[in-house]
Amino acid sequence: MLAIFKKEDWWTIWLGAFFLGGTALGLITFIPKLPKWTAWQDALPVDLIVPIILWGLGLAAVTALALKVMGEDVRKYLTAFPVIFLLTVLAFLIGNQSTLSHYGFNNVIWALVLGMLISNLWKIPTWLVPALRSELFIKTGLALLGAEILFTRVLSLGLHGLGVGWLIPPILLIFMYLYGTRVLKMKSKALVATVATCTSVCGVSAAIATGAAVKAKKEEISAAISVSLIVTVLMMLGMPILIRWLGLSEAVAGSWIGGTIDSTGAVVVAGSMVGPLAMEVAAIVKMLQNALIGIVAFCWALFFVTRVEQEPGTERLGIKEIWLRFPKFILGFVGASLVTSFVLVPLLGQGEVEGILNITATIRSWLFALAFVAIGLESRFANLKKVFTGQATVKLHVVGQAVNVLLTLLASLYFFRGF
């Protein structure tokens, strides 16, 4: 029993439950959200300064409590956390600039860039390391993401959405794994699995889940995410132009966007460039793919334990190892979705739940940005260079995404014809 309070993976569930439960019960009613801005004077409204400071203190206290129970040195964590938080605020300030935000250069990208610039231009001081809790931040954010996947919305497209959102990813996963291991001869099968899932399912979230399931190295997960973010921006800008040239209907266009662009935010932006129906269809198809995160992570853990890591002559790994390998935050992800869909919506109504989700989504965006600052600070080009040797990682993602674009277009044309 004590293990569920001593492991970081379990604490991502408890923290996610705290934020969702606190918001649903009315204990958390406001989380500061920095606005989009054009003139720099409007980047940080004066009336948000105190709420941001209080939010930083509250977030530090809650996460420090989790670390204290886990037996970590809380004093060192609290000493370093303000620096990580200030860099996160800076990432929001830059990413919220209207032009940058419009073209997809959002806070997540700037959080990663700022962290990588600092880590590669200067040596990270040892006192800052205790606050680099990228997995704690991002997995808690992913647990909250589950609350945003309402079953009523996901099922609103019926077989149309399921045909695109659930049919193509498994095909692409198998293709990319075989292509990476047998054609490109990539040595790290964990890296191949991480890139394949990042491309096939939903980018960053899927990369983190799969990386944990297959025990990928941190630099391998960072490499998969870096390539994904670059390609995501290019696709977000290019696909609406291509769609207009091809003359696709909004429903087909939205399905195509939702099934291929990795980031949910970029999916919504690209869909909105085509039209309101395209944006709605794109968002729901992407939600359907997001719902696959737990299933895919479990399948990878099962495959790696029983096949990839099963050396001839060694003791056979059992069910316990699969359970140990399984990312526990997926339970929080699924649980949040079920509670929101089947408890909160019937009790409180759709409108009230949307208000709750607006707050939890803001908390999630802060946690994601904190995580990417930490990932950037942990990522040195010297380490990433090893992963990118021979450009196999980039080639795997690009080829996989090209196949994804083609297959998803064909599926969208079939399932959304006359929609």
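Here, the structure is the one placed above.
Residues numbered from 1 in each chain as written. Predicted model: local features only at pLDDT ≥ 70, side-chain atom pairs only at ≥ 80, totals over all residues. Heavy atoms only, no water.

What is the right way to read the nonpolar core from this model?
In a soluble, globular protein the nonpolar side chains are often hidden away together inside. In terms of nonpolar packing, the biggest core is built from 113 residues, with Ile-225 and Phe-372 touching the most fellow members. Leaving out residues up to four positions away in the same chain, Ile-225 has contacts with Val-204, Ala-207, Ile-208, Phe-372 and Ile-375. Of all hydrophobic cores here, the second largest spans 15 residues; its members include Met-235, Met-236, Ala-270 and Leu-409. (Core = buried A, V, L, I, M, F, W, Y, C linked by side-chain atoms within 4.5 Å. Buried < 20%, exposed > 50% of the residue type's maximum accessible area, 1.4 Å probe, protein only. Contact = heavy atoms within 4.5 Å.)

Would you mind going over helix α6 (residues 107-121) with me for this structure?
It helps to recall that an α-helix has 3.6 residues per turn; residues three or four apart then point in one direction. End to end, α6 covers 21 Å across 15 residues, agreeing with the expected 21 Å (1.5 Å per residue, within 8%). The complete set of buried residues in α6 reads Asn-107, Val-108, Ile-109, Ala-111, Leu-112, Leu-114, Gly-115, Met-116 and Ser-119. (Helix = DSSP H or I, 4+ residues; strand = E, 2+ residues; numbered from the N terminus. Expected span 1.5 Å × (residues − 1).)

Is there a simple way to think about the pattern of salt bridges in this case?
Opposite charge on two side chains lets them pair, provided their charged atoms get close. Within this structure, the stated rule accounts for 6 salt bridges. The partner of Lys-139 in a salt bridge is Asp-9, and the shortest N-O contact between them spans 3.0 Å. Of this pair, Lys-139 sits in helix α7 (residues 134-145) while Asp-9 sits in helix α2 (residues 8-24); the two residues are 130 residues apart in sequence, bridging distant segments of the chain. We classify Asp-9 as buried; its relative accessible area is 16%. Residues joined in a network through salt bridges with shared partners are Glu-8, Glu-72 and Arg-133. (Salt bridge = Lys/Arg side-chain N within 4 Å of Asp/Glu carboxyl O.)

It is not clear to me how unusual backbone geometry should be interpreted in this structure. Could you clarify?
Across residues other than glycine, the phi torsion is negative in most instances, and most of the peptide bonds are trans. Phi is positive for Lys-185, which is not a glycine, with a value near 55 degrees. Its place among the elements puts Lys-185 in the loop between α10 (168-183) and α11 (189-202). Of note, Lys-215 is a non-glycine position whose phi angle comes to about 60 degrees, a positive value. Summarising the element assignment, Lys-215 is placed in the loop between α12 (204-214) and α13 (218-246).

What's the story with the environment of Thr-197 in this structure? I'm lost.
Checked against the element boundaries, Thr-197 lands in helix α11. Here Thr-197 falls in the buried class, since its relative accessible area comes to 1%. Residues Thr-197 and Leu-15, spaced 182 residues apart in sequence, show a C-alpha to C-alpha distance of 26 Å. A distance of 2.8 Å separates a polar side-chain atom of Thr-197 from the backbone oxygen of Ala-193. (Polar contact = N/O pair within 3.5 Å; in protein donor to acceptor, adjacent residues only side chain to side chain.)

I tried to follow a nonpolar patch on the surface on my own but got confused; where do I start?
A cluster of nonpolar side chains, Phe-151, Leu-155, Val-334, Leu-338, Val-339, Phe-342, Val-343, Leu-347 and Leu-348, forms an exposed patch at the surface whose accessible area comes to about 790 Å². In terms of residue count, helix α19 (residues 329-348) provides more of the nonpolar patch than any other element does, 7 residues in total. Along the polypeptide, Leu-348 turns up in helix α19. (Patch = residues over 30% accessible without salt bridge, like charges linked within 9 Å, V, L, I, M, F, W, Y side chains within 5 Å. Areas by Shrake-Rupley, 256 points an atom, 1.4 Å probe, with all protein chains shown as cover.)

Explanation requested: helix α16 (residues 276-290) in the structure shown.
Taking 1.5 Å of rise per residue, the 15 residues of α16 would be expected to cover 21 Å, and the 21 Å separating its terminal C-alpha atoms lies within 8% of that figure. Burial within α16 is extensive, with 11 of its 15 residues counted as buried. Looking at α16, one finds that the buried residues are Ala-278, Val-281, Ala-282, Ala-283, Ile-284, Val-285, Lys-286, Met-287, Leu-288, Gln-289 and Asn-290.

Looking at this structure, how should I read the environment of Gln-41?
Mapped onto the elements, Gln-41 comes out in the loop between α2 and α3 (46-69). Relative accessible area serves as the criterion here: at 51%, Gln-41 is assigned to the exposed category. In this structure the C-alpha to C-alpha distance between Gln-41 and Ala-297, which are 256 residues apart in sequence, comes to 44 Å.

Where do I start with the layout of surface pockets in this structure?
Over the atoms rolls a probe the size of a water molecule, and in doing so it shows where empty space is left. The calculated volume of the largest pocket comes to roughly 1,500 Å³. Lining the largest pocket are 49 residues, and of these Glu-148, Thr-264, Gly-265, Arg-364 and Ser-365 sit closest to its centre. Contributing elements (two or more residues each) for the lining of the largest pocket: α4 (74-95), α6, α12, α13, α15 (264-274), α16 and α20 (350-378). In this structure, the second largest pocket encloses a volume near 380 Å³. Along the wall of the second largest pocket there are 16 residues; nearest its centre are Lys-7, Glu-8, Asp-9, Leu-324 and Lys-328. (1 Å grid on protein atoms, 1.4 Å probe; cavity = no way out; pocket = protein on both sides within 12 Å on 5 of 7 lines; lining within 4 Å. Points joined across faces, edges and corners; volume = space filled by probe spheres on them.)

Structural measurements only, silent on function.
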